[in-house]
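Reading the structure
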Amino acid sequence: MRPTDDPTTVAWTTLAAGGGAGAAGEPRPVRTWRVFGQVVAAAGLVLVLVAVLGLTASRQIAERESVNDAARRTDLLAEAVVQPVLRDGVATGDPDAVATLDRAVRDGVLDDQVVRVKVWDADGRIVYSDEDRLIGQQFPLGDDERAVLADPATEAEVSDLDKPENAFERGQGKLLEVYRPVWTPDGTPLLFETYSRYDAVTERSTALWRGFAGITLTSLLVLVALMLPVLWTLLDRLRRSQQHREVLLQHAVEASDEERRRIAGTLHDGVVQELAAASFALAGAADRADRAGAPDVAAPVRDAATTVRASIQGLRSLLVDIYPASLRTAGLRAALADLVGGLAVRGVDVRLDAPDGVAEGLPAPVERLVHRVAQETLRNAVAHSGARHVDVVLRRGDDAVVLEVADDGVGFDVAVPLARPPEGHLGLRLLADLASSAGARLEVASAPGAGCRWRLTARTDGRGTDGPGTDGLRTDGRGTGGWDADGAAAGSTGTATDGGRDA
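Calculation notes
Residues numbered from 1 in each chain as written. Predicted model: local features only at pLDDT ≥ 70, side-chain atom pairs only at ≥ 80, totals over all residues. Heavy atoms only, no water. Pairing = 2+ DSSP bridges. Helix = DSSP H or I, 4+ residues; strand = E, 2+ residues; numbered from the N terminus. Axes fitted to C-alpha atoms, helices over the stretch in contact; angles between N-to-C directions. Contact = heavy atoms within 4.5 Å. Phe/Tyr/Trp six-rings, centres within 6.5 Å; stacked < 30°, edge-to-face > 60°. Buried < 20%, exposed > 50% of the residue type's maximum accessible area, 1.4 Å probe, protein only. Lys NZ or Arg CZ within 6 Å of the ring centre and 35° of its normal. Expected span 1.5 Å × (residues − 1). Arc of directions from axis to C-beta. Right-handed = clockwise from strand over helix to strand, strands pointing away. Salt bridge = Lys/Arg side-chain N within 4 Å of Asp/Glu carboxyl O.

Read across the open sheet, the five strands follow the order E3-E2-E6-E5-E4; overall the sheet is antiparallel. Each edge of the open sheet carries a strand with a single partner, namely strand E3 (126-129) and strand E4 (155-158). Neighbouring strand axes in the sheet, compared pairwise and without regard to direction, differ in orientation by 20 degrees on average. Each of strand E2 (114-120) and E3 touches helix H3 (residues 95-108); the most contacted strand, E3, lies at about 40 degrees to it. Most of the contacts of helix H4 (residues 143-150) go to strand E5 (residues 175-183), to which it runs at about 30 degrees, and overall it touches E4, E5 and strand E6 (189-197).

Once that is clear, we can look at the environment of Arg59. Within the element layout of this structure, Arg59 appears in helix H1 (residues 32-85). With 144 residues separating them in the primary sequence, Arg59 and Glu203 have C-alpha atoms 9.5 Å apart. Residues within four places of Arg59 in sequence aside, it is in contact with Tyr198 and Ser205.

So, on to the packing of aromatic side chains. The final tally for this structure, using the stated rule, is one aromatic pair. With a centroid separation of 6.3 Å and 65 degrees between ring planes, the pair formed by Trp120 and Phe139 is classed as edge-to-face. One end of the pair, Trp120, is in strand E2; the other, Phe139, is in the loop between E3 and H4, and 19 residues separate them in sequence. The class for Trp120 is buried, based on a relative accessible area of 4%. Take Phe139: its relative accessible area is 10%, and that puts it in the buried class. Between Arg455 and the ring centre of Trp12, over which it is positioned, the NZ or CZ distance is 4.0 Å.

Turning next to H3. For H3, spanning 14 residues, the distance from its first C-alpha to its last is 20 Å, which sits close to the expected 20 Å at 1.5 Å a residue. When we look at burial in H3, the residues that qualify are Ala97, Val98, Leu101, Asp102, Ala104 and Val105. Across the axial projection of H3, the buried residues extend over an arc of 165 degrees, all falling on one side. Exposed side chains of H3 directed beyond 90 degrees from the buried face belong to Pro95, Asp96 and Asp107.

Across the eight residues that make up strand E8 (residues 389-396), a large majority, six, are buried. As defined by bridge partners, strand E7 (residues 349-353) adjoins E8 across five bridges and the pair is classed as parallel. When the bridges of E8 are listed, Asp353 appears paired with Val393. Following the chain from E7 across helix H9 (residues 364-383) to the adjacent parallel E8, one finds a crossover that is left-handed.

Attention now moves to the pattern of salt bridges. The full count for this structure, using the stated rule, is 22 salt bridges. For the salt bridge of Arg116 with Glu169, the shortest nitrogen-to-oxygen distance reads 2.7 Å. Of the two residues, Arg116 is situated in strand E2 and Glu169 in the loop between E4 and E5; the sequence distance between them amounts to 53 residues. Comparing Arg116 with Glu169 shows no difference in burial state: the two are buried. For Arg441, the salt bridge is made with Glu443, and the minimal N-O distance between the two is 3.5 Å. Taken individually, Arg441 and Glu443 each receive the classification buried, so the pair is uniform in this respect. Through salt bridges that share partners, Arg116, Lys118, Asp130 and Glu169 make up one connected network.

Attention now moves to the sheet that holds E8. Spatially, the six strands line up as an open sheet ordered E1-E10-E11-E9-E8-E7, and their pairing is mixed. Here the strands that pair on one side only, and so sit at the sheet edges, are strand E1 (13-17) and E7. For this sheet the average axis-to-axis angle between neighbouring strands, irrespective of direction, equals 10 degrees. In terms of strand pairing, strand E10 (residues 441-446) meets strand E11 (residues 452-459) through six bridges, oriented antiparallel. Within the sheet, the bridge partner assigned to Val444 lies in E11 and is Trp454.

With that out of the way, let us pick up the environment of Asp290. Looking at the secondary structure, you find Asp290 in helix H5 (residues 199-291). With sequence-adjacent residues up to four places away left out, Asp290 is seen in contact with Pro295, Ala298 and Arg302.

Okay, here's the thing in structure tokens:
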């Protein structure tokens, strides 16, 4: 079974997401205005939170202050207006005493804020009210009211308009009631009660909140204004650091390519030529030994010549790995054929599926990226996975080219090298950075015992890729070189096992 025909399903891990996104777990490029936007959004969120908390606190403070104001006002009205005109006859319902009290209440107590006045006796009977229909009615006094009569004090609370004694106040809105004792001339205690509009609490709460919000908003804006220059400096340093890292990566890649070219040139012009000369010399010596009638000497010399030619072939395959001259001269498809041919020489069953014309017209950066990824993944397949079979598939869509390399080796847990790269082993990160810098999408699917599959999707229209789906690529898995539902190659044909090209 070929690696691309294996029905085992292993989830794909995205190393580079395309469009400039980095490898999984890699920091995204810092965008100054995005960070500033986040800071402003966070400041707005803090402002809303502070406003809500401030409004709640200001309402509580305003209610407490309004209750205290209402209590002090009721005390003043009781002492200055009600107590001086209160007669003994009020407690017994004397019309003159009640009328006198009524005139004083209407002239000095009732106004836009105080909307109702009630005077109770100790038995819960209303002996006076500005609402005539309440006079004479009796309702049970609560424990608080009885405690005030027994131990003189002034109490205030929000009115419970559901109580029957408050039936005539239900159309007034939310009210605040304050009660305290007053005394008739003969010492009879009565309960003096006022009902004030709750609007005063709301107005005071709004005033307090405005003052609080003004201070808070100003402080927050000043803090943000002080933070922005510092944040700008930090972001600029971080951005320069990332740019420096990218430059170093590019220099490392360029230095690697330059070193590969130097090594390839040295081997080709030195060792390979010398071995070729030695091969010719040994072959000539074997022929001369045969003509001289010394077959026992000719045979080992001829074997040595054969060994030298095999070494030359191996060196030429190594030269293709080190520096693929065919990528510039013959194109991507020929360079891929050289790569897989080098593996075939080493005893690995390699199949290349790259239809004629699949790489025609590709931009040079895309060709280099595809070749580099193919080179690294094939090297990993031979050096680390112990694969016996390797499939290399190259497909072309309307605006993208897709490379897939699959092997039947031992596989590995992708999460481990991503989370904790071994010291000195940066293969995954290097491939991810290469793909990311080119705006390509790189994915890997592997698990212990399940082989390894790599998939590179590089757009040919100059834009980054957004996902594994690519226009123009078949997804039904039918026919030669089709693609199955998850993007894996299936039914590929065409094997390149004829050895590498000469360097």
